[in-house]
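# Observations on the three-dimensional arrangement
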Amino acid sequence: MTRVKDHGFPPNGSDRTVGLRFTQHDFDLFAQLSGDDNPIHVDREFAATTRFGRTVAHGMLLFASANAAINRWIGGRLNLHEQQLMFPAPTFADEDVALNLTIQPDHDTTRRRIDFAMTTSLGESCRGRAFVGFDELRPGRSAPAVRPTETTLKGLRVGMQAERTRVLSPSHVQTFVELIRDPHPGYSESSPVVPPALLGGAVSDLLGVSLPGPGSNWLKQVYRFHRHVRSGAGIRSSVTITRLRPPKNLVNLQTEVDVDTKPAVSGEALLLVSDVADRSTAPPPSADG
């Protein structure tokens, strides 16, 4: 395959299809890595009471798998600048998943857009766009403060926030690489770069465990990556409710990851909360960890 000499990308329009298959062990291991042990992923009894009837894959596990496939395809020290994700249907354990990747030009000539879709027996379960390049990440700014409103949904209110700080060690990164088979050279250094999906996992941890909490169903997510994070750094993640739509049981949130008070990742999330407990009648789960 001919490659663009200055950037190492395959020709625009090139595509690739990869077969994937996840197990419950994969779900459990990713829950340990990310901290996101939302019972919808790891508790068979709880999951049986939800609309899905059984455990489903983490959105970040799907993101990680797509990003690893991109790194295996293109190679080199590729940077992920932005990731857009949608989850039209669940992905279950022990079923065949077809991941299709297509490379497209981006308005920024130093980058490419990778469109991808995952398909199972139920149809399309995940689709998105990754904006990648060999150029450096661009610093971002902290998101503006959210102004509270009177609307409530299951005890949730606009302006509610959850946050957590954790440290990911080189062993976390190594376990991730073994699980996802991601060959990015930054993950094998003595002080490895934290993979984007583990930074995203710091957000999904809060969404699935703290706010909105267990039973949350992730529909959409956008991440913008502003700087590399090395293992051993204190990673502060936060989520803030920005909009509630009670008739549809939908919650919009602003999501952020900071390192040393500097923005590392910014984004937005949309979640369905039909299976989330009503906070007005039950104590909220703890965000400590």
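Residues numbered from 1 in each chain as written. Predicted model: local features only at pLDDT ≥ 70, side-chain atom pairs only at ≥ 80, totals over all residues. Heavy atoms only, no water.

## Description of the overall build of the protein
Test applied: Secondary structure elements are taken from DSSP: a helix is a run of H or I of four residues or more, a strand is a run of E of two residues or more, and numbering for both begins at the N terminus. Using C-alpha atoms as the atom set, the radius of gyration is obtained and then compared with a globule rule of 2.2 Å times the number of residues to the power 0.38. Buried means the residue's accessible area, taken with a 1.4 Å probe over protein chains only, is under 20% of the maximum for its type, while exposed means over 50%, and partly exposed covers the values in between. Two residues form a contact once any of their heavy atoms are found within 4.5 Å. Accessibility throughout is a Shrake-Rupley quantity obtained with a 1.4 Å probe, and a residue counts as covered only by protein chains that appear here. Just so you know, the count uses Lys and Arg for positive and Asp and Glu for negative, and it drops His and the chain ends. Charged groups are reduced to one reference atom each: NZ for lysine, CZ for arginine, CG for aspartic acid, CD for glutamic acid.
Scanning the protein for helices and strands turns up six helices and twelve strands. Computed over its C-alpha atoms, the radius of gyration of the protein comes to 18 Å, within 12% of the 19 Å expected for a compact globule of 289 residues. Its C-alpha atoms give the protein principal-axis dimensions of about 60 × 45 × 35 Å. Relative to its 289 residues, the protein shows a buried fraction of 55%. The contacts of the protein with a sequence gap of at least 6 include a subset with a gap of at least 24, amounting to 73%. Carbon and sulfur atoms make up 49% of the accessible area of the protein, which totals about 12,600 Å². Across the protein, 32 positive and 31 negative side-chain charges occur, with their mean positions spaced 5 Å apart.

## Thoughts on the packing of aromatic side chains
For clarity, the cut-off: Note on ring pairs: Phe, Tyr and Trp rings are taken, using the six-membered ring of Trp, and paired if centres are within 6.5 Å. Classes follow the plane angle, with under 30 degrees stacked, over 60 edge-to-face and the rest tilted.
All told, the structure shown has six aromatic pairs when counted by the stated rule. A ring pair is formed by Phe 176 and Tyr 187, whose centres lie 6.4 Å apart and whose planes are at 85°; its orientation type is edge-to-face. Taken together, the residues Phe 176 in helix H5 (residues 170–180) and Tyr 187 in the loop between H5 and helix H6 (196–209) connect sequence positions eleven residues apart. The class of Phe 176 is buried, set by a relative accessible area of 1%. The class of Tyr 187 is buried, set by a relative accessible area of 6%.

## Things to note about the packing of helix H4 (residues 59–74) against H5
Two quantities define a packed helix pair, namely the angle between the axes and the distance from one axis to the other. Put simply, the rule reads: Working convention: axes come from line fits to C-alpha atoms, limited for helices to the stretch in contact. Angles between N-to-C directions cover 0 to 180 degrees. Relative orientations are named as follows: roughly parallel for angles under 35 degrees, roughly antiparallel for angles over 145 degrees, roughly perpendicular for angles from 65 to 115 degrees, and oblique for any other angle. All residues other than Ala, Val, Leu, Ile, Met, Phe, Trp, Tyr, Cys, Pro, Asp, Glu, Lys and Arg, Gly among them, are scored as polar; the first ten of these are nonpolar and the last four charged.
Where H4 meets H5, the axes come as close as 10 Å, and the angle between the chain directions of the two elements is 75°. On the basis of their axis angle, the class for H4 and H5 is roughly perpendicular. Residues Leu 61, Ala 64, Ser 65, Ala 68 and Arg 72 of H4 pack against Phe 176, Leu 179 and Ile 180 of H5. Here the contact of H4 with H5 is built from residues that sort into six nonpolar, one polar and one charged.

## What to know about the pairing of strand E11 (residues 250–259)
Filter applied, for reference: Strand pairing follows a simple DSSP-based rule, namely that at least 2 bridges must link the two strands.
The buried fraction of E11 amounts to ten of the ten residues, a majority that puts the element mostly inside the structure. Neither face of E11 is exposed, since Leu 250, Asn 252, Gln 254, Glu 256 and Asp 258 on one face and Val 251, Leu 253, Thr 255, Val 257 and Val 259 on the opposite face are all buried. Pairing of strand E10 (residues 234–245) with E11, which is carried by ten bridges, proceeds in the antiparallel orientation. By the bridge assignment for E11, Arg 245 is matched with Leu 250. If you look at the hairpin formed by E10 and E11, you'll find four residues sitting between the two strands, and Asn 249 has a positive phi there, around 55°. Inspection of the sheet shows E11 paired to strand E12 (residues 262–272) by ten bridges, in the antiparallel sense. Residue pairing for E12: Val 251 is matched across the bridge by Leu 271.

## Overview of the pattern of salt bridges
If charged atoms from side chains of opposite charge come close, those side chains can pair. Note the threshold: When a carboxyl oxygen of Asp or Glu lies within 4 Å of a side-chain nitrogen of Lys or Arg, that pair is called a salt bridge.
With the rule as written, the count across this model stands at twelve salt bridges. Among the ionic pairs, Arg 164 bridges to Asp 205, the shortest N-O distance being 2.3 Å. Of the two residues, Arg 164 is situated in strand E8 (residues 161–167) and Asp 205 in helix H6; the sequence distance between them amounts to 41 residues. Of the two residues, Arg 164 and Asp 205, neither departs from the other in class, the shared state being buried. Across the pair Glu 268 and Arg 224 runs a salt bridge whose closest N-O atoms are separated by 2.4 Å. Of this pair, Glu 268 sits in strand E12 while Arg 224 sits in strand E9 (residues 217–225), placing them 44 residues apart in sequence. Residues participating in the shared-partner salt-bridge network are Arg 77, Glu 189 and Arg 230.

## Structural notes on the side chain of Glu 256
Formally: As used in this structure description, the phrase polar contact means that two N or O atoms lie within 3.5 Å; if the pair is within protein, one of them must be able to donate a hydrogen and the other to accept it, and residues adjacent in sequence are counted only when both atoms belong to side chains.
Mapped onto the elements, Glu 256 comes out in strand E11. Buried Glu 256, no salt bridge; nearest opposite-charge side chain is Arg 236, N-O distance 5.6 Å. A distance of 3.4 Å separates the side chain of Glu 256 from the side chain of Gln 254, its partner in a polar contact. Contact partners of Glu 256, with chain neighbours within four places excluded, come to Ser 142, Ala 143, Val 203, Arg 236, Ser 237, Ser 238 and Val 265.

## Structural notes on helix H1 (residues 24–34)
Listed in full, the buried residues belonging to H1 are Gln 24, Asp 26, Phe 27, Phe 30, Ala 31, Leu 33 and Ser 34. Just downstream of H1, Gly 35 is the residue with a positive phi angle, here 85°.

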